[in-house]
Amino acid sequence: MAGARTGVAPASRTSPRSAIWALASSILGALLLALMLAYGLGTEGAGLVLAPFVALPVLMFALIGVMLSAVALARRTPRRKTALAALVIGTVAAVPPVWLWVWLLAG
């Protein structure tokens, strides 16, 4: 009853979908990062000219995954391990694009 009055759903009714979406977004960011690095290595470094442009979607998907996993962990969804995996993958995938842009802007 209290949930109906305040507009806040009880903890038992929270959906595990945010953890799944977080994992999907984090994996997509990591996959884009791997494709960018594979393309750069395949072209012997010439393909890394496109890295700053590919780094933005990688960063976007990784940070969306981190945000959604933080929401899933805060809501105490039943898929805490999935949300934690998304948090780790998203954080690891977000580091290289940030490093790249800091290096480009400082250079």
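None of the values given here were measured: they were computed from a predicted structure.

Cut-offs used in this document
- Residues numbered from 1 in each chain as written.
- Predicted model: local features only at pLDDT ≥ 70, side-chain atom pairs only at ≥ 80, totals over all residues.
- Heavy atoms only, no water.
- Axes fitted to C-alpha atoms, helices over the stretch in contact; angles between N-to-C directions.
- Helix = DSSP H or I, 4+ residues; strand = E, 2+ residues; numbered from the N terminus.
- Parallel < 35°, antiparallel > 145°, perpendicular 65-115°, else oblique.
- Left-handed = near helix turned anticlockwise from the far one by under 90°.
- Contact = heavy atoms within 4.5 Å.
- Nonpolar A, V, L, I, M, F, W, Y, C, P; charged D, E, K, R; others polar.
- Core = buried A, V, L, I, M, F, W, Y, C linked by side-chain atoms within 4.5 Å.
- Buried < 20%, exposed > 50% of the residue type's maximum accessible area, 1.4 Å probe, protein only.

J.: What exactly am I supposed to notice about the packing of helix α2 (residues 17-42) against helix α4 (residues 80-106) here?
T.: Relative orientation of the contacting elements α2 and α4 amounts to 30°, with a least axis distance of 8 Å. Of the possible angle classes, the one that applies to α2 and α4 is roughly parallel. Classified by chirality, the crossing of α4 by α2 is left-handed. Residues Ala19, Ile20, Ala22, Leu23, Ser26, Ile27, Gly29, Ala30 and Leu33 of α2 form the contact with α4, whose participating residues are Thr82, Ala83, Ala85, Ala86, Ile89, Gly90, Ala93 and Pro96. A breakdown of the residues in the contact of α2 with α4 according to their chemical character gives 13 nonpolar, four polar and no charged.

J.: When you look at the nonpolar core in this model, what are you seeing that I'm missing?
T.: Within soluble globular proteins, side chains that are nonpolar generally end up buried alongside one another. Among the nonpolar cores identified, the biggest contains six residues, and these are Leu33, Met36, Ala51, Ala55, Val58 and Leu100. Secondary structure elements with two or more residues in this core: α2 and α3 (51-74). Here the element with the most residues in this core is α3; it accounts for three residues. Those residues in contact with methionine 36 that sit more than four places away from it in its chain are Leu48, Ala51, Val54 and Ala55.

J.: Quick question: what am I supposed to make of unusual backbone geometry here?
T.: Most peptide bonds adopt trans geometry, and most residues besides glycine take a negative phi value. A positive phi angle, close to 55°, is found at arginine 76, a residue other than glycine. With a relative accessible area of 58%, arginine 76 lands in the exposed category.

No statement about biological role is implied by the geometric values presented.
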